[in-house]
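What follows is each chain in one-letter form.
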Amino acid sequence: MPHARTAESKPARPGAEEWVPASADVAQLAQAVHDCRGCELWGPATQAVFSSGPDDATVMLVGEQPGDREDREGEPFVGPAGRVLADALHAAGLDAEQVYVTNAVKHFRFTERGKQRLHKKPDVAHIRACGPWLEAELTAVRPRVVVALGATAARALLGREVRIGAERGQLLDGETHDVVVTTHPSSLLRLRDRSEFGEKFGALVADLRTAAEAAG
Ligand code: SF4
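Residues numbered from 1 in each chain as written. Predicted model: local features only at pLDDT ≥ 70, side-chain atom pairs only at ≥ 80, totals over all residues. Heavy atoms only, no water.

Our focus in this paragraph is the packing of aromatic side chains. Two aromatic rings, taken as a pair, are described by how far apart their centres are and by the angle between their planes. Scanning the model with the defined rule gives three aromatic pairs in all. Note on Phe 50 and Trp 133: the rings are 6.1 Å apart at their centroids and 85° apart in plane angle, and the pair reads as edge-to-face. In this pair, Phe 50 is assigned in the loop between α1 (26-32) and β1 (59-63) and Trp 133 in helix α4 (residues 124-141), connecting sequence segments 83 residues apart. You'll find Phe 50 and Trp 133 in the same group, each marked buried. Sitting above the plane of the Trp 42 ring, Arg 37 keeps its charged end 3.8 Å from the centroid. A cation over a ring is seen here: Arg 117 above Phe 110, with NZ or CZ 4.8 Å from the ring centre. (Phe/Tyr/Trp six-rings, centres within 6.5 Å; stacked < 30°, edge-to-face > 60°. Helix = DSSP H or I, 4+ residues; strand = E, 2+ residues; numbered from the N terminus. Buried < 20%, exposed > 50% of the residue type's maximum accessible area, 1.4 Å probe, protein only. Lys NZ or Arg CZ within 6 Å of the ring centre and 35° of its normal.)

Below, the structure written as structure tokens:
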């Protein structure tokens with residue numbers, strides 16, 4: 001059993017590798033992640049949030065990190081962004097129950113303002129630290145297509161900085177699985193001009209449709 005590290009201590013950031021069981025299935029990974037101390041994000045968070053969906057899915061969706069509600073409930077994409085995603089999946093002809101959904105980073109990173117916990121984007125170091133969990137999921141699920149929802153997920157999957165606007169909707173990578181990059185559904189919720197929602201939603205749906213077609 002690894003030694004617990006307090007949330008206040010310096011982030012040594014050894015990475016998740018020593019906590020990821022070898023040759024594990026999704027259920028074993030989902031259990032083991034609760035012991036992970038691979039970076040400091042476990043300290044302030046309520047719990048690790050792993051994945052949902054079937055472990056033999058042909059399409060895997062990867063988001064950034066759990067949000068406030070996901071952190072409390074322990075399930076990915078159960079908050080407002082999850083509702084946008086569910087609508088987009090439906091519009092793209094994908095059954096939300098048949099896709100595997102996870103995040104690049106398994107603990108919620110936030111700053112506190114009064115009683116509010118405000119989302120704080122994970123650093124590249126957090127993406128790297130949490131990478132062994134995502135790699136283990138890819139090995140266990142073996143999807144045909146992986147959809148990166150936003151730049152953090154794209155970096156985690158492709159190992160480089162990705163400009164979503166330049167690369168979205170293309171089939172990338174292609175060795176063991178294709179990668180389709182698109183926006184994170186939460187970006188639609190942050191639009192200042194709500195009249196843009198329809199266009200942005202349509203673009204998200206088009207990218208998901210590309211993934212659905214590639215998955216067969
Ligand atoms: S964010 Fe990832 S690497 Fe960091 S403690 Fe959580 S599960 Fe481990």
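More follows now that the structure is in view.
On to the environment of Pro 143, then. Structurally, Pro 143 can be placed in the loop between α4 and β5 (145-149). For Pro 143, a relative accessible area of 3% puts it in the buried group. Residues Pro 143 and Met 60, 83 residues apart in the sequence, show an inter-C-alpha distance of 6.1 Å. Not counting chain neighbours up to four residues away, the residues in contact with Pro 143 comprise Ala 57, Thr 58, Val 59, Met 60, Leu 138, Thr 176 and His 177. (Contact = heavy atoms within 4.5 Å.)

All right, on to the side chain of Glu 70 then. Counting through the fold element by element, Glu 70 comes out in helix α2 (residues 68-73). Arg 69 provides the closest opposite charge to the buried, salt-bridge-free Glu 70, at an N-O distance of 6.8 Å. Setting aside its immediate chain neighbours within four residues, Glu 70 contacts Val 49, Glu 75, Pro 76, Phe 77, Val 78 and Gly 79. (Lys, Arg positive; Asp, Glu negative; His and termini not counted. Salt bridge = Lys/Arg side-chain N within 4 Å of Asp/Glu carboxyl O.)

Let's shift gears to the packing of helix α3 (residues 80-91) against helix α8 (residues 197-215). Orientation of α3 relative to α8, taken along the N-to-C sense of each, is 55°, at an axis distance of 8 Å. Overall, the two elements α3 and α8 adopt an arrangement that is oblique. Crossing angle aside, the handedness with which α3 passes α8 is right-handed. Of the residues in α8, those in contact with Val 84, Asp 87, Ala 88, Leu 89 and Ala 91 of α3 are Phe 201, Leu 204, Val 205, Leu 208 and Arg 209. When the residues that make up the contact of α3 with α8 are grouped by side-chain class, the tally is eight nonpolar, no polar and two charged. (Axes fitted to C-alpha atoms, helices over the stretch in contact; angles between N-to-C directions. Parallel < 35°, antiparallel > 145°, perpendicular 65-115°, else oblique. Left-handed = near helix turned anticlockwise from the far one by under 90°. Nonpolar A, V, L, I, M, F, W, Y, C, P; charged D, E, K, R; others polar.)

Attention now moves to the packing of α4 against helix α5 (residues 151-158). Between α4 and α5, the shortest axis-to-axis distance is 9 Å and the interhelical angle comes to 65°. Crossing handedness for the pair α4 and α5: right-handed. Each of Val 124, Ile 127, Leu 134 and Leu 138 in α4 lies in contact with α5, whose residues at this interface are Thr 152, Arg 155, Ala 156 and Leu 157.

This paragraph deals with the sheet that holds β5. The five strands lie next to each other as β2-β1-β5-β7-β6, forming an open sheet whose pairing is mixed. Strands with a single pairing partner mark the edges of an open sheet, and in this sheet they are β2 (100-103) and β6 (171-173). Each strand of the sheet is rotated relative to its neighbour by a mean of 30°, with strand direction disregarded. Sheet topology note: the β1/β5 ladder contains four bridges and is parallel. Looking at β5, one finds that Val 59 is bridged to Val 145. Against the sheet, α8 makes contact with β1, β5, β6 and β7 (178-182), and its axis sits at roughly 170° relative to β7, the strand it touches most. (Pairing = 2+ DSSP bridges.)

We now examine the pairing of strand β3 (residues 110-113). With four bridges joining them, β3 and strand β4 (residues 116-119) adopt antiparallel strand pairing. The residue bridging Thr 111 from the neighbouring strand is Leu 118, located in β4. Hairpin geometry of β3 and β4 is characterised by an intervening segment of two residues between the two adjacent antiparallel strands and by a positive phi of about 60° at Gly 114.

A few words on the pattern of salt bridges. Between side chains of opposite charge, a pair can form as their charged atoms come close. Applying the stated rule across the entire model yields eight salt bridges. Across the pair Asp 207 and Arg 168 runs a salt bridge, and its minimum N-O distance is 2.7 Å. Of the two residues, Asp 207 is situated in helix α8 and Arg 168 in the loop between α6 (164-167) and β6; the sequence distance between them amounts to 39 residues. Judged by relative accessible area, Arg 168 falls into the partly exposed class, the value being 25%. Through salt bridges with shared partners, a single ionic network connects Asp 68, Asp 71, Arg 72 and Arg 117.

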